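Summary of structural features
This is what each chain is made of:
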Amino acid sequence: MFVAAAVCPCPPLLVPAVAAGAAPELDPARAACADAIGALTAARPDLLVVVGPVGPDAAGPYPVGARGSFAGFGVDLGVRLGQAPADADGRALPPSLAVGAWLLERSGGPGPATVEALGLPDTLSAEECAAVGRELAERAGRVALLVMGDGSACRTVKAPGYLDERADAFDAGAFRALRDADTEALLALDPYLARELKAAGRAPWQLLAGAARGAGATGRLLHEDAPYGVGYAVAVWS
């Protein structure tokens, strides 16, 4: 049964060692993420699943103990998913899930909960994402989600995707839905528009909507910003 979720952005720049001199710019986002993960711990989940956007080759589940690294960003820093020993033959966590694992490690972890991860490609439809969310919510008596994903990367001319005039409205609608725990509004997000706007959070947000649908969750938006022209939101559902 779904009991709680934390929604966080997933740029590797959240990790201060990666951001280096630019690290202070994301201090408010880091603080909000810490508060959101604290709410997950307070929900006392049996199972916590970190969900994040990935490429097709990285899609699928990652078991407890899976490891990730920020070596690809020039930083000798590794992370581990939960407390179990790592599977030496397992896949490495992709960046979005590695950032989630880092946030959990930084917060001290979610208590005794089992921690797993799931990578979602943006090729999944809203209905497919929601179906995966429903399946996750049925896996344990108390299921919490750490939902990683950014809004549009087209908010300014200096953004990774340059400026798209539709980006502000897309993010405003998505972030309002996250604030209000509005599952129907999240499921109504257009996957094709999200892809054009480089909004990597679309699929994870729609998985959340499927997991929480009918659970009577309430939401709070803890942080909203668009540094570097990318929309970032931090929210809590419980």
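Here's what I pulled together on the structure shown here. (Residues numbered from 1 in each chain as written. Predicted model: local features only at pLDDT ≥ 70, side-chain atom pairs only at ≥ 80, totals over all residues. Heavy atoms only, no water.)

Right, let's get into the packing of aromatic side chains. Overall, the coordinates contain one aromatic pair when judged by the stated rule. Ring centres 6.2 Å apart and planes at 80 degrees place the aromatic pair F175 and W205 in the edge-to-face group. In this pair, F175 sits in helix α5 (residues 167-180) while W205 sits in helix α8 (residues 202-212), placing the two residues 30 residues apart along the sequence. Over the ring of Y62 we find R91; its NZ or CZ atom is 4.2 Å from the centre of that ring. (Phe/Tyr/Trp six-rings, centres within 6.5 Å; stacked < 30°, edge-to-face > 60°. Helix = DSSP H or I, 4+ residues; strand = E, 2+ residues; numbered from the N terminus. Lys NZ or Arg CZ within 6 Å of the ring centre and 35° of its normal.)

Turning our attention to helix α4 (residues 126-137). Helix length check: α4, at 12 residues, gives a terminal C-alpha distance of 17 Å against a target of 16 Å (1.5 Å per residue), a fit within 8%. What α4 keeps buried is the set A126, C129, A130, G133, L136 and A137. Mapping the buried residues of α4 onto a view down its axis gives an arc of 115 degrees, with all of them on the same face. In α4, the exposed positions angled more than 90 degrees off the buried face are occupied by E127 and E135. (Expected span 1.5 Å × (residues − 1). Buried < 20%, exposed > 50% of the residue type's maximum accessible area, 1.4 Å probe, protein only. Arc of directions from axis to C-beta.)

It is worth spelling out the environment of P28 at this point. Secondary-structure assignment places P28 in helix α2 (residues 27-42). Along the primary structure P28 and D225 are separated by 197 residues, whereas in three dimensions their C-alpha atoms are 9.4 Å apart.

Two side chains of opposite charge can pair, provided their charged atoms sit close to one another. Per the stated rule, a full pass over the model turns up nine salt bridges. Residue D171 is joined to R155 by a salt bridge in which the shortest nitrogen-to-oxygen separation is 2.7 Å. With a gap of 16 residues between them, D171 in helix α5 and R155 in the loop between β7 (143-148) and α5 connect regions that are remote in the sequence. One salt-bridge network, held together by shared partners, links R155, D168 and D171. (Salt bridge = Lys/Arg side-chain N within 4 Å of Asp/Glu carboxyl O.)

Moving on, we get to the environment of D150. One can find D150 in the loop between β7 and α5. When the C-alpha atoms of D150 and S96 are compared, they prove to be 9.8 Å apart, with 54 residues separating the residues in sequence. Setting aside residues no more than four positions away along its own chain, D150 makes contact with P9, C10, P11, A199, A200, G201, W205, V230, G231 and Y232. (Contact = heavy atoms within 4.5 Å.)

With that settled, the discussion passes to the pairing of strand β9 (residues 232-237). A regular strand carries its side chains on alternate faces of the sheet. With six of its six residues buried, β9 lies for the most part within the structure. Burial along β9 is two-sided: the residues Y232, V234 and V236 and A233, A235 and W237 are all buried. As judged from the three bridges shared by strand β1 (residues 2-8) and β9, these two strands associate in the antiparallel manner. The residue of β9 that forms the bridge with A6 is V236. The antiparallel hairpin formed by strand β8 (residues 219-225) and β9 contains six residues in its connecting segment, where Y228 sits at a positive phi of about 60 degrees. (Pairing = 2+ DSSP bridges.)

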